[in-house]
Amino acid sequence: MEIRGVDLVAFHVGNLNEGTRYYEELGFKVQFRSNELGVTVLLVGEDFAKLLVTTEKPPLEPGTSRMWVEVADVKAILPELKTKTAKFVREPLLIATGWLVETADPWGNVLAFRDYTAQPDYGRPKK
């Protein structure tokens, strides 16, 4: 079996309109939305990966969903994040590869922003 990469991460939200708006304000772009199905699919940057926000009940007992996304410079985006509806659950932290900050949406899903400023070779190739 060949694993090609992340396809989709699902976050369960209490309200589709609020969940969609929350992630749009953070910079995600809507690819598809179905009110009937209770889902919105959002693009994660230029990657193939998608973020699904859904009001559908999870098949198992829910835990905290987490997704990390790569940005060029965490410290540079902090002022913008502070103006958004993001709640910080982990303040900026220097890790081995660079900086990391974790935020949570109103439903407890964790979205982390991380960079590779300390080890650029580990991050995505520059375009």
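Preceding this paragraph is the structure being described.
Draft legend 1. Molecular detail of the pairing of strand 6 (residues 87–95). Pairing between strand 6 and strand 7 (residues 98–104): six bridges, direction antiparallel. Among the inter-strand pairings, Arg 90 is bridged to a residue of strand 7, identified as Glu 102. In this structure, the hairpin formed by strand 6 and strand 7 is closed by a connection of two residues.

Draft legend 2. Layout of the sheet that holds strand 8 (residues 110–114). If you walk across this open sheet you meet the four strands as 5-8-7-6, and the pairing is mixed. Lying at the two open borders of the sheet, with one neighbouring strand each, are strand 5 (66–70) and strand 6. Shown here is a sheet whose adjacent strand axes are inclined to one another by a mean of 20 degrees, direction ignored. Where helix 2 (residues 74–83) meets the sheet, its contacts fall on strand 6, strand 7 and strand 8, and the angle it forms with strand 7 comes to roughly 20 degrees.

Draft legend 3. Spatial organisation of the nonpolar core. Tyr 23, Phe 28, Leu 51, Val 53, Met 67 and Leu 111 are the most contacted members of the largest nonpolar core, which totals 23 residues. Setting aside its immediate chain neighbours within four residues, Phe 28 contacts Tyr 23, Leu 42, Leu 43, Val 44, Leu 51, Met 67 and Leu 111.

Draft legend 4. Region of interest: the pairing of strand 7. Counted residue by residue, strand 7 has six buried out of seven residues, so it is predominantly covered. Sheet analysis places strand 7 next to strand 8, joined by five bridges and oriented antiparallel. By the bridge assignment for strand 8, Glu 102 is matched with Ala 112. Counted between consecutive antiparallel strands, the loop separating strand 7 from strand 8 contains five residues, among which Gly 108 sits at a positive phi close to 95 degrees.

Draft legend 5. Broad picture of helix 1 (residues 16–25). Listing the buried residues of helix 1 in full gives Leu 16, Gly 19, Thr 20, Tyr 22 and Tyr 23. Each buried residue of helix 1 sits inside an arc of 160 degrees when the element is viewed along its axis, so together they form one side. For helix 1, the side-chain oxygen to backbone nitrogen distance between the N-cap and Asn 17 is 3.0 Å, and the N-cap itself is Asn 15. Two residues or fewer past helix 1, Gly 27 is found with a positive phi of approximately 110 degrees.

Draft legend 6. Representation of the packing of aromatic side chains. One pass over the structure, following the stated rule, counts three aromatic pairs. Taking the centre distance of 4.9 Å and the plane angle of 75 degrees together, the rings of Tyr 22 and Tyr 23 count as edge-to-face. Measuring from ring centre to ring centre gives 5.7 Å for Tyr 23 and Phe 28, while their planes differ by 80 degrees; the resulting arrangement is edge-to-face. There is no split in this pair, since Tyr 23 and Phe 28 are both buried. Through pairs of rings, three or more aromatic residues link up here, namely Phe 11, Tyr 22, Tyr 23 and Phe 28. Here Lys 50 stacks its cationic end above the ring of Phe 48, 4.0 Å away from the centre of that ring.

Parameters and conventions
Residues numbered from 1 in each chain as written. Predicted model: local features only at pLDDT ≥ 70, side-chain atom pairs only at ≥ 80, totals over all residues. Heavy atoms only, no water. Pairing = 2+ DSSP bridges. Helix = DSSP H or I, 4+ residues; strand = E, 2+ residues; numbered from the N terminus. Axes fitted to C-alpha atoms, helices over the stretch in contact; angles between N-to-C directions. Contact = heavy atoms within 4.5 Å. Core = buried A, V, L, I, M, F, W, Y, C linked by side-chain atoms within 4.5 Å. Buried < 20%, exposed > 50% of the residue type's maximum accessible area, 1.4 Å probe, protein only. Arc of directions from axis to C-beta. Polar contact = N/O pair within 3.5 Å; in protein donor to acceptor, adjacent residues only side chain to side chain. Phe/Tyr/Trp six-rings, centres within 6.5 Å; stacked < 30°, edge-to-face > 60°. Lys NZ or Arg CZ within 6 Å of the ring centre and 35° of its normal.

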